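Summary of structural features
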Amino acid sequence: MIIGDVVGNIWATKKEESLNGLKLMIVKRVDSYGSSENESFVAVDFVGAGIGDKVLVTTGSSARISMDQPNSPVDAAIVGIIDEVEVMGEEKNKHVF
């Protein structure tokens, strides 16, 4: 799984039929210490995340399984909103992390 920051929304009026009704978000990958990496990607949101939230993202076939549509063209899904992270005994609040 991947930890990321939600940095934006995507609106697409024309898209593959299995994507209709799904909320698409732009997520920027971060490491477990909170440092942002350059990579950003689109993920389907299943938990009601918003811009500024730290999220847990699953990728690949796990993303498709989480949406119960194994043939859908989805390769990343937001499956959790992070409250805090503990790394080597240090607790990190999502707003500091």
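As a starting point, this report considers the structure included with it.

A closer look at the overall build of the chain
- Secondary structure assignment for the chain yields 1 helix and 7 strands.
- Taking the intrachain contacts of the chain between residues at least 6 apart in sequence as the baseline, contacts between residues at least 24 apart amount to 53%.
- Accessible surface for the chain amounts to roughly 5,900 Å². Of this, 47% is attributable to carbon and sulfur atoms.

Things to note about the nonpolar core
- Counting residues in hydrophobic clusters, the biggest one holds 11 residues: Ile-2, Val-6, Met-25, Val-27, Phe-41, Ala-43, Ala-49, Val-55, Val-57, Ala-76 and Ile-78.
- Counting residues per element, the ones that place at least two in this core are β1 (2-10), β2 (23-30), β3 (36-45), β4 (54-59) and β5 (76-81).
- Residues contacting Ala-43, with those up to four places away along its chain left out, are Lys-23, Leu-24, Met-25, Val-27, Val-57, Ala-76, Ala-77 and Ile-78.
- Counting 6 residues, the second-largest nonpolar core is a separate cluster that includes Leu-24, Val-44, Ala-63 and Ala-77.

Looking at the pattern of salt bridges
- Evaluation of the coordinates by the stated rule reveals 3 salt bridges.
- Among the ionic pairs, Asp-5 bridges to Lys-54, the shortest N-O distance being 2.5 Å. Note that Asp-5 is positioned in strand β1 and Lys-54 in strand β4, a separation of 49 residues in sequence. With respect to class, Asp-5 is no different from Lys-54; both count as buried.
- For Asp-45, the salt bridge is made with Lys-23, and the minimal N-O distance between the two is 3.2 Å.

Focus on a nonpolar patch on the surface
- Together, Met-1, Phe-46, Val-47, Val-79 and Ile-81 line one region of the surface with nonpolar side chains, adding up to about 430 Å² of accessible area.
- Mapped onto the elements of the fold, Ile-81 is located in strand β5.

Here's the deal with the side chain of Lys-54
- Look at Lys-54 and you get buried, because its relative accessible area is 5%.
- Within the structure, the side chain of Lys-54 is placed 2.5 Å from the side chain of Asp-5, a separation counted as a polar contact.

What counts and what doesn't
- Residue positions are given per chain, counting from 1 as you read along its sequence in written order.
- This being a predicted model, a pLDDT of at least 70 is required before a residue's local features are given, and a value of 80 or more before pairs of side-chain atoms are given or counted; all residues contribute to the totals for chains, interfaces and linings.
- Side-chain metrics in this entry use all non-hydrogen atoms of the structure; hydrogen atoms and water are not considered.
- Secondary structure elements follow DSSP: runs of H or I of four or more residues count as helices, runs of E of two or more count as strands, with numbering from the N terminus.
- In this description, contact between two residues means that some pair of their heavy atoms is separated by no more than 4.5 Å.
- Note on areas: these come from Shrake-Rupley sampling with a 1.4 Å probe, and a residue is covered only by the protein chains present in the view.
- As used in this record, nonpolar core signifies buried Ala, Val, Leu, Ile, Met, Phe, Trp, Tyr and Cys residues forming a set joined through side-chain atoms within 4.5 Å.
- The buried label goes to any residue with under 20% of its type's maximum accessible area, the exposed label to any with over 50%, and the partly exposed label to all in between, with areas taken from a 1.4 Å probe on protein chains only.
- By definition, a salt bridge exists where a carboxyl oxygen of Asp or Glu is found within 4 Å of a side-chain nitrogen of Lys or Arg.
- Excluding any residue in a salt bridge, patches collect residues exceeding 30% relative accessible area, merging like charges within 9 Å and nonpolar Val, Leu, Ile, Met, Phe, Trp and Tyr side chains within 5 Å.
- The definition of a polar contact used here is a pair of N or O atoms within 3.5 Å, where within protein one atom must be able to donate a hydrogen and the other to accept one, and adjacent residues in sequence count solely through side-chain atom pairs.

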